[in-house]
Amino acid sequence: MIFSRIALSLTGAVLFPLAAHAHVTLEQGSTEAGKSYKAVLRIPHGCDGSATTGIQVTLPDGVRQAKPMPHAGWSVQVVKEKLAQPYDWHGDTITEDVRRIRWQGGNLPDAYYDEFVFRIQLPPDAGKTLYFKVKQQCEKGEIDWAAVPGDSSGNDYPAASLKLLPPASSAH
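These figures come from a predicted structure and were not determined experimentally. (Residues numbered from 1 in each chain as written. Predicted model: local features only at pLDDT ≥ 70, side-chain atom pairs only at ≥ 80, totals over all residues. Heavy atoms only, no water.)

**Observations regarding the state of the cysteines**
Part 1 of the argument: Overall, the coordinates contain one disulfide when judged by the stated rule.
Part 2 of the argument: Across the disulfide from Cys47 sits Cys138; the S-S distance is 2.1 Å. Across the disulfide from Cys47 to Cys138, rotation about the S-S bond amounts to roughly 65°, and the bridge is consequently right-handed. Of this pair, Cys47 sits in the loop between strand E3 (36-43) and strand E4 (52-58) while Cys138 is found in strand E9 (residues 129-138), placing the two residues 91 residues apart along the sequence.
Part 3 of the argument: For Cys47, a relative accessible area of 4% puts it in the buried group.
Part 4 of the argument: On the basis of relative accessible area, Cys138 is assigned to the buried category, the value being 9%. (Disulfide = S-S within 2.5 Å. Helix = DSSP H or I, 4+ residues; strand = E, 2+ residues; numbered from the N terminus. Buried < 20%, exposed > 50% of the residue type's maximum accessible area, 1.4 Å probe, protein only.)

What follows is the structure, encoded as structure tokens:
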């Protein structure tokens, strides 16, 4: 009886911190490279009990043509930057593209989760993992979900990741 209470207490002690630090993630963790992708960014909680009031996602290099979905009760804006390497998009030369998307002015209480959606064109780099850095602003504080493998910044909050898969073979 005592042993099972200790085991239950230890299990709770191990699981509780994991639940308290749920990550910002993409609904799909992998998809085919070079395709259009509907990104569903999941925000699991606020900042230490404080409601989320803003989300900013920084798009990784190689991602093109980002279009955010409006979110009821939130304003949305895109931030474009000049590209080091312009590209052709259906006959037009694109010299600047969306690098960040911001949703602001909403109120997502800590006890709830929500999803923020945008479409992008993925690069053709099969085998590569893309990292979407997300800044979560709250009534009190913020969380910078920006840590990537090999990062030595000391940030413990991982960026949302997307593994690019090789093209699916066509069946005949």
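Next, the rest of the story.
**Some details on the side chain of Asp97**
Part 1 of the argument: Considering the arrangement of structural elements, one finds Asp97 in strand E7 (residues 92-108).
Part 2 of the argument: Buried and unpaired, Asp97 has no salt bridge, with Arg99 as the nearest side chain of opposite charge at 4.8 Å.
Part 3 of the argument: Here the side chain of Asp97 touches Gln65 through a polar contact of 3.1 Å, landing on its backbone nitrogen.
Part 4 of the argument: A polar atom in the side chain of Asp97 sits 2.4 Å from the side chain of Tyr87.
Part 5 of the argument: Excluding its chain neighbours within four sequence positions, the residues that come into contact with Asp97 are Val63, Arg64, Gln65, Ala66, Val79, Lys80, Glu81, Leu83 and Tyr87. (Lys, Arg positive; Asp, Glu negative; His and termini not counted. Salt bridge = Lys/Arg side-chain N within 4 Å of Asp/Glu carboxyl O. Polar contact = N/O pair within 3.5 Å; in protein donor to acceptor, adjacent residues only side chain to side chain. Contact = heavy atoms within 4.5 Å.)

**A short note on the sheet that holds E3**
Part 1 of the argument: Reading across from one edge, E1-E3-E8-E5 is the order of the four strands in this open sheet, with antiparallel pairing throughout. What marks the edges here is a single partner per strand, and that holds for strand E1 (25-26) and strand E5 (64-68). (Pairing = 2+ DSSP bridges.)

**Things to note about the packing of aromatic side chains**
Aromatic rings considered in pairs are described by the distance between their centres and by the relative angle of their planes.
Part 1 of the argument: Within this structure, the stated rule accounts for five aromatic pairs.
Part 2 of the argument: Where Trp74 meets Phe116, the ring centres are 5.1 Å apart and the plane angle is 85°; that geometry is what we call edge-to-face. Remark: Phe116 occurs in strand E8 (residues 114-121) and Trp74 occurs in the loop between E5 and strand E6 (75-89); sequence separation between them is 42 residues.
Part 3 of the argument: The exposure class of Phe116 is buried, given its relative accessible area of 0%.
Part 4 of the argument: Judged by centre distance (5.3 Å) and plane angle (55°), the rings of Trp103 and Phe116 are tilted. Taken as a pair, Trp103 in strand E7 and Phe116 in strand E8 lie far apart in primary sequence, 13 residues in all. (Phe/Tyr/Trp six-rings, centres within 6.5 Å; stacked < 30°, edge-to-face > 60°.)

**Observations regarding the environment of Gln104**
Part 1 of the argument: Tracing the backbone shows Gln104 in strand E7.
Part 2 of the argument: Here Gln104 falls in the partly exposed class, since its relative accessible area comes to 32%.
Part 3 of the argument: Residues Gln104 and Gln137 lie 33 residues apart in sequence; the distance between their C-alpha atoms is 8.8 Å.
Part 4 of the argument: In this view, Gln104 contacts Thr53, Gly54, Trp74, Ser75, Gln77 and Gln137; residues no more than four positions away in its chain are not counted.

**Describing the pattern of salt bridges**
Part 1 of the argument: One pass over the structure, following the stated rule, counts four salt bridges.
Part 2 of the argument: Between Glu142 and Lys135 there is a salt bridge whose closest N-O contact spans 3.9 Å.
Part 3 of the argument: The class for Glu142 is partly exposed, based on a relative accessible area of 47%.
Part 4 of the argument: On the basis of relative accessibility, which here comes to 27%, the residue Lys135 falls in the partly exposed class.

**Some details on the confidence of the model for the protein chain**
Part 1 of the argument: Chain-level statistics for the protein chain give a pLDDT mean of 88 and a share of 85% at 70 or above.
Part 2 of the argument: Across residues 1-20, confidence stays below pLDDT 50; counting only partners more than four residues off in sequence or on other chains, it has two contacts. (pLDDT = per-residue confidence, 0-100.)

**Details of the pairing of E8**
Part 1 of the argument: By the bridge criterion, eight bridges tie E3 to E8 in an arrangement that is antiparallel. The partner of Ile43 across the bridge, within E8, is Asp114.
Part 2 of the argument: Bridging between E5 and E8 involves three bridges; their strand directions are antiparallel. Pairing of Arg64 across the sheet is with Gln121, part of E8.

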